[in-house]
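Residue strings, one per chain:
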2 protein chains.
Amino acid sequence: MLRRRGYRLTTQRRAVLDVIARSRDHLTPGEIHQQVVRRHPGVGLVSVYRTLALLADMGLICEVHVGGNCRSYLLRRPLGHHHHLVCSDCGRVVDFSDCDLGQLEKRLAEDTGYEIEGHLLEFAGRCPDCRAATFT
Amino acid sequence: MLRRRGYRLTTQRRAVLDVIARSRDHLTPGEIHQQVVRRHPGVGLVSVYRTLALLADMGLICEVHVGGNCRSYLLRRPLGHHHHLVCSDCGRVVDFSDCDLGQLEKRLAEDTGYEIEGHLLEFAGRCPDCRAATFT
DNA sequence: CCAGTTAATGAAAATTAGTTTCATTTGCAG
DNA sequence: CTGCAAATGAAACTAATTTTCATTAACTGG
Ligand SMILES: [Mn+2]
Ligand SMILES: [Mn+2]
Ligand SMILES: [Zn+2]
Ligand SMILES: [Zn+2]
């Protein structure tokens, strides 16, 4: 796949991909680097970052948004359970409450054996203002 | 609300909350600090961080998970559009593909005027293994 | 209102994460 | 093979976040 897009197939890229493919967990760049170095000492953390950017860009790896790593906050307007629709251009946020995921949640719980505790749902899009601005 | 939970109502906490409440955007700790300092010079960035942690903990503010700030990756197993169910204990990830949000997406688009481009959906829960481990 | 207690703060250092630069290496097309 | 551009690693650099600790100030009880 890398080749097909004109990227070179280097040992470091192989190694990073190998670690990610082997693991069932999600790993941070640091963790990936640690594992890479075991077999390939000398591989730099920089290359791990570069490879991850590349792979994410190509859609070969997924990001997981667990926990409070993401730092961007706003007031909780409706105080209860709700979700966000965020403008990908200006960042404006609209809240909404009806997500109706109970059906899906129940099925997932049955299929996987997980005891589901909650969910994160966010839509991204372009707000009316930003859309208008484009056609000016 | 702070008082009710036994926390002191300090000027810095007021200030942070005030900035967040005023703004319609989501703000990073740094941005919040900048605005706080305008009216209250001398307030430390540290306090902003501490206050944010507190408020998030109490559920008074929302996090927004936009963009690639979160660094945790795993191989994209099903290559197409899909979502994650993450164990909140050990981090194990299950992929699933049927999210059926078209209905909601359409309604949101109509109600808000946003041109919706995509969504992020993640469930959190405890995997069978971790659940079993509890009852040992 | 006042003093005492103790949670909360700010300065500074320490840690951690991520990016940039640049000389050197290496994959790969020819 | 050879040559060259892409990719790498070391190191410096920037930015974000946490820890430590002496000082301050919010609240409690009188
Ligand atoms: Mn919200
Ligand atoms: Mn996935
Ligand atoms: Zn917008
Ligand atoms: Zn688990």
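Read on for an overview of the structure. This one's a predicted model, so the numbers in the text were calculated from it and none came from an experiment.

As a further point, take the coordination of the zinc ion (ligand 4). Octahedral metal centres with six donors ideally show angles of 90 or 180 degrees, and tetrahedral centres with four donors ideally show 109.5 degrees. Residue and element names in this part refer to chain B. Donor atoms from the polypeptide that bind the zinc ion (ligand 4) are Cys87 (SG), Cys90 (SG), Cys127 (SG) and Cys130 (SG), placed at 2.2 to 2.4 Å. Here the zinc ion (ligand 4) binds four donor atoms, and the angle range of 100 to 115° at the metal identifies the geometry as tetrahedral. When the donors of the zinc ion (ligand 4) are listed by position in the chain, the intervening gaps give C-x2-C-x36-C-x2-C. One end of the pair, Cys87, is in strand E3 (residues 83–87); the other, Cys127, is in the loop between strand E5 (115–126) and helix H5 (128–134), with 40 residues separating them in the sequence. Each of the two residues, Cys87 as well as Cys127, counts as buried.

What follows covers the relation of the copies chain B and chain A. Overlaying chain B on chain A yields an RMSD of 0.3 Å, the required transformation being a rotation through 179° with an accompanying axial translation of 0.0 Å. These values place the two chain copies in the arrangement generated by a two-fold rotation axis. Considering only C-alpha atoms, the part of chain B nearest the rotation axis is Leu121 of chain B, at 2.2 Å. Both copies share a contact surface, since 100% of the interface residues of chain B are interface residues in chain A too.

Counted by the stated rule, this structure contains 12 salt bridges over all chains. Across the salt bridge formed by Arg107 of chain B and Asp98 of chain A, the nearest N and O atoms sit 2.5 Å from each other. With Arg107 of chain B in helix H4 (residues 102–112) and Asp98 of chain A in the loop between strand E4 (93–96) and helix H4 (102–112), this pair bridges two chains. In this structure, Arg22 of chain B and Asp18 of chain B form a salt bridge, with 3.0 Å as the shortest nitrogen-oxygen distance.

Only His82 of chain A (NE2), His84 of chain A (NE2), Asp95 of chain A (OD) and Cys62 of chain B (SG) from the protein coordinate the manganese ion (ligand 1), and they sit 2.2 to 2.8 Å from it. Within this pair, whereas His84 of chain A is found in strand E3 (residues 83–87), its partner Cys62 of chain B is found in strand E1 (residues 61–63), the two belonging to separate chains.

Below, the discussion takes up the interface of chain B and chain A. At the junction of the two partners, chain B supplies 69 residues and chain A supplies 69 residues. Overall, the association of chain B and chain A removes approximately 6900 Å² of surface from exposure, summing both partners, and the carbon and sulfur fraction of that is 60%. Considering only the surface of chain B that becomes buried against chain A, Cys62, Tyr73 and Tyr114 of chain B emerge as the three largest contributors, covering 13% of it. Counting the contacts that link chain B with chain A gives four salt bridges. Across the salt bridge formed by Arg131 of chain B and Glu115 of chain A, the nearest N and O atoms sit 3.7 Å from each other. The interface formed by chain B and chain A includes 28 residue pairs in polar contact (both at pLDDT 80 or more). For the side of chain B that touches chain A, the leading source of residues is E5 of chain B, giving 12 residues. Considered class by class, the residues forming the side of chain B that touches chain A number 37 nonpolar, 17 polar and 15 charged. With 11 bridges connecting them, strand E5 (residues 115–126) of chain A and E5 of chain B associate as antiparallel partners. In the strand pairing of E5 of chain B, Glu122 of chain A is matched with Leu120 of chain B.

What counts and what doesn't
- Residue positions within a chain follow its written sequence, with the count starting from 1.
- The order in which chains are written sets their letters, starting at A; the order in which ligands are written sets their numbers, starting at 1.
- Residue-level local features of this predicted model are given only where pLDDT is at least 70; pairs of side-chain atoms are given and counted only at 80 or more, and the full residue set underlies all totals for whole chains, interfaces and linings.
- Excluding hydrogens and water, the side-chain values take into account all heavy atoms of the structure.
- Ligating atoms shown are N, O and S within 2.8 Å of the metal, or 3.2 Å for Na, K and Ca, and water is not included, meaning a site may look less than complete.
- Just to be clear on the cut-offs, tetrahedral is four donors with all angles between 85 and 135 degrees, square planar is four donors and octahedral six with opposite donors over 155 degrees apart and all others between 65 and 115, and anything else goes down as irregular.
- Under the scheme used here, helices are H or I runs from DSSP no shorter than 4 residues and strands are E runs no shorter than 2 residues, and both carry numbers assigned from the N terminus.
- Relative accessibility thresholds used throughout: buried, under 20% of the residue-type maximum; exposed, over 50%; partly exposed, between the two (1.4 Å probe, protein chains only).
- Least-squares superposition aligns the copies on the C-alpha atoms of those residues with pLDDT at or above 70 in both.
- The criterion used for residue contact is that any of the two residues' heavy atoms lie within 4.5 Å.
- By convention in these notes, a salt bridge is any Lys or Arg side-chain nitrogen within 4 Å of a carboxyl oxygen on Asp or Glu.
- Summed over both partners, the accessible surface that disappears when two parts come together, traced with a 1.4 Å probe, is what is meant by buried area.
- Polar contact is defined as a pair of N or O atoms within 3.5 Å, subject to the rule that within protein one atom must be able to donate a hydrogen and the other to accept it, and that residues adjacent in sequence are counted only when both atoms are side-chain atoms.
- Each residue gets one label: Ala, Val, Leu, Ile, Met, Phe, Trp, Tyr, Cys and Pro are nonpolar, Asp, Glu, Lys and Arg are charged, and the others, such as Gly, are polar.
- Two strands make a pair as long as DSSP finds a minimum of two bridges between them.

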